[in-house]
Amino acid sequence: MWKTVMIDDEPWALEGLAEVIDWQAAGFSIEGRFTDPQEAFAFLCESWPDVVFTDIRMPGISGVELISMARQKGISCEFVLISAYEDFKAAQQAILLDVCGYVLKPYDSEEIHAVAEILQRHLEKKRRAPQLDWQEPPELTLEKAAPWQEKFQHYSGGFFCLHPDRDKRLHSWEGVEPLPMSVKGAGSGFLVLSNDPRAARTAFLELPDSESWGVSQAHAPAQEALPIMLREAWYSLQCHFQYSMKDLVGDIQLYLCENMEKELLLGQIAQRYHFSEPYFCVLFKRGAGVSVMRFIQLVRIHYAAYLIRTTTKRLQEISEEVGFNNYSYFGKLFKKYQGVTPENCRE
């Protein structure tokens, strides 16, 4: 059964939608019905349903605003917009938000059945892609990717890429095969397989819109490296950077991301990689294009912005989570790099 939520500020409309067809027979279980969009959004954040029907015009939060908020949270369910009359502007916004359907009141059972069939096709297609979580144990990630075992055997390596838009597509090109993989908190994910993963990644990064993707380093073999590629792509996406073409510098970039909450001192980091501090700084800047300390600042601020937009954590807590014990200093740096204060970013 596909978990379904219905949202409409008019109780009679909710009742009508729930009874217009036999949802159980169609393969959908109604997990919640809400007249308050704020309560509905809180429920979506906790339950992550498969399908949401929402009215467009509601007090407080419109249906379009609710969908946009859910997308920012990484909630990848299918949405269907409801309206009492044809609203061209809302329909345009729905297309931009990749809404699965648009239905009019009063409800017509044939129309609802047709939407249910479309939803089934979308959901079945999504189910075939492994559902990954970058924070899950590596062995669980590998277990989920087991259905791709035969694919892995045909390629020597690959790289992972993530995009914030869930409708993003990636087509095969000569010697390269992208496998769709759903990642919690991200829109679209692909494991890109190739017998020359380094060249394939270089070609990908030369595409016009590559800066909007989070891209891991190239690894071989791809199957064993999938967990680390997933983490690399996640930080690349949320912290807005690309890994250096020099493997060692790329490894250092990942280390700095995974330890951003700690006190990162140049001397200690250089010692970890068996370099003198001056040589380490030159090596990193040549490979990454920015100094070590500037990279750390950018990573911390970008990740803080991500946490502010997608969680309800206190700003002080987020500041500490990304490595700032002095909130005033954090606020100044945040304004410098983001152009707004942390408080305005959340608003």
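These notes cover the structure that comes with them. Since the structure is predicted, the reported quantities are computational estimates derived from the model, not experimental observations.

Definitions and cut-offs
- Residues numbered from 1 in each chain as written.
- Predicted model: local features only at pLDDT ≥ 70, side-chain atom pairs only at ≥ 80, totals over all residues.
- Heavy atoms only, no water.
- Helix = DSSP H or I, 4+ residues; strand = E, 2+ residues; numbered from the N terminus.
- Rg over C-alpha atoms; globule rule 2.2 N^0.38 Å.
- Contact = heavy atoms within 4.5 Å.
- Areas by Shrake-Rupley, 256 points an atom, 1.4 Å probe, with all protein chains shown as cover.
- Lys, Arg positive; Asp, Glu negative; His and termini not counted.
- Charge placed at Lys NZ, Arg CZ, Asp CG, Glu CD.
- Phe/Tyr/Trp six-rings, centres within 6.5 Å; stacked < 30°, edge-to-face > 60°.
- Axes fitted to C-alpha atoms, helices over the stretch in contact; angles between N-to-C directions.
- Parallel < 35°, antiparallel > 145°, perpendicular 65-115°, else oblique.
- Nonpolar A, V, L, I, M, F, W, Y, C, P; charged D, E, K, R; others polar.
- Pairing = 2+ DSSP bridges.
- Salt bridge = Lys/Arg side-chain N within 4 Å of Asp/Glu carboxyl O.
- Buried < 20%, exposed > 50% of the residue type's maximum accessible area, 1.4 Å probe, protein only.
- Disulfide = S-S within 2.5 Å.
- Core = buried A, V, L, I, M, F, W, Y, C linked by side-chain atoms within 4.5 Å.

**Notes on the overall build of the protein**
Step number 1: Per the secondary structure count, the protein includes 17 helices and 11 strands.
Step number 2: Taken against the 2.2 N^0.38 rule, which gives 20 Å for 347 residues, the C-alpha radius of gyration of the protein at 23 Å falls within 12% of a compact globule.
Step number 3: Taking as baseline every contact in the protein between residues at least 6 positions apart, the subset at least 24 positions apart corresponds to 64%.
Step number 4: Surface summary for the protein: the accessible area is close to 17,200 Å², and the carbon and sulfur share equals 51%.
Step number 5: Across the protein, the 35 positively charged side chains and the 48 negatively charged ones have centroids separated by 8 Å.

**Remarks on the packing of aromatic side chains**
Step number 1: Going through the model one piece at a time under the given rule, you end up with 21 aromatic pairs.
Step number 2: Seen in terms of ring centroids, Trp-23 and Phe-53 are 5.3 Å apart; in terms of plane orientation they differ by 70°. Their pairing is edge-to-face. Placement of Trp-23 in helix α2 (residues 23-26) and of Phe-53 in strand β3 (residues 51-55) is noted, with a sequence separation of 30 residues between them.
Step number 3: Measuring from ring centre to ring centre gives 5.6 Å for Tyr-327 and Phe-330, while their planes differ by 50°; the resulting arrangement is tilted.

**With respect to the packing of helix α11 (residues 247-258) against helix α13 (residues 277-288)**
Step number 1: Interhelical geometry of α11 versus α13 gives an angle of 100° and a closest axis separation of 9 Å. The orientation of α11 with respect to α13, classified from their angle, is roughly perpendicular. The segment α11 lies against α13, with Leu-248, Val-249, Ile-252, Gln-253 and Leu-256 engaging Phe-280, Leu-283, Phe-284, Gly-287 and Ala-288.
Step number 2: Grouping the constituent residues of the contact of α11 with α13 by class yields eight nonpolar, two polar and no charged.

**Section: the sheet that holds strand β2 (residues 28-34)**
Step number 1: Strand order across the open sheet formed by five strands is β2-β1-β3-β4-β5, with parallel pairing between neighbours. The sheet is open, and its two edges are formed by β2 and β5 (101-104), each paired on a single side. Taken pair by pair, the neighbouring strands of this sheet meet at an average axis angle of 20°, ignoring direction.
Step number 2: In the packing of helix α1 (residues 11-19) onto the sheet, contacts are made with β1 (2-7), β2, β3 and β4 (78-83), and the angle to β2 comes to roughly 180°.
Step number 3: Contacts from helix α3 (residues 37-47) reach β1, β2, β3 and β4 within the one sheet, and its direction differs from that of β1 by about 165°.

**As for the sheet that holds strand β11 (residues 214-215)**
Step number 1: Spatial ordering of the open sheet is given by β8-β10-β7-β11, a layout of four strands whose pairing is antiparallel. Looking along the sheet, the strands with just one partner apiece sit at the ends: β8 (176-180) and β11.
Step number 2: With two bridges connecting them, strand β7 (residues 157-163) and β11 associate as antiparallel partners. Note that in β11 the partner of Cys-161 across the bridge is Val-215.
Step number 3: The sheet contacts of helix α9 (residues 197-205) involve β7, β8, β10 (188-194) and β11, and relative to β7 the element is tilted by about 25°.

**Things to note about the environment of Met-245**
Step number 1: In this fold, Met-245 is placed in the loop between α10 (222-239) and α11.
Step number 2: Sequence separation between Met-245 and Gly-287 is 42 residues; the distance between their C-alpha atoms is 7.1 Å.
Step number 3: Residues contacting Met-245, with those up to four places away along its chain left out, are Arg-198, Arg-201, Thr-202 and Leu-205.

**A word on the pattern of salt bridges**
If the charged atoms of two oppositely charged side chains come close together, the side chains can form a pair.
Step number 1: For the structure shown, the criterion picks out 10 salt bridges.
Step number 2: A salt bridge links Glu-136 to Lys-144, with the shortest nitrogen-to-oxygen separation between them at 2.8 Å.
Step number 3: Residue classification places Glu-136 among the buried positions, given a relative accessible area of 12%.
Step number 4: Lys-144 sits in the partly exposed class, given a relative accessible area of 28%.
Step number 5: Close ionic contact of Arg-231 with Glu-258 constitutes a salt bridge, the shortest N to O distance being 2.6 Å. Here Glu-258 lies in helix α11 and Arg-231 lies in helix α10, a separation of 27 residues in the sequence.

**Considering the state of the cysteines**
Step number 1: As enumerated under the stated definition, the model contains zero disulfides in all.
Step number 2: Here Cys-161 is not disulfide-linked; the sulfur of Cys-239 is the nearest cysteine sulfur, at 17 Å.
Step number 3: Look at Cys-161 and you get buried, because its relative accessible area is 0%.
Step number 4: With no disulfide of its own, Cys-345 lies closest to Cys-239 among cysteine sulfurs, the gap being 14 Å.

**So, the nonpolar core**
Step number 1: Judged by nonpolar contacts, the single largest core of 60 residues is most densely connected at Phe-160, Tyr-235, Leu-256 and Tyr-303.
Step number 2: Among the elements that line this core, the one with the most residues is helix α14 (residues 292-310), at 11 residues.
Step number 3: Apart from residues no more than four positions distant in its own chain, Tyr-235 is found in contact with Trp-134, His-240, Phe-241, Tyr-243, Leu-254, Cys-257, Glu-258, Met-260 and Tyr-303.
Step number 4: If you look at the next biggest cluster of nonpolar residues, it comprises 20 residues, including Ala-18, Val-103, Val-115 and Leu-123.

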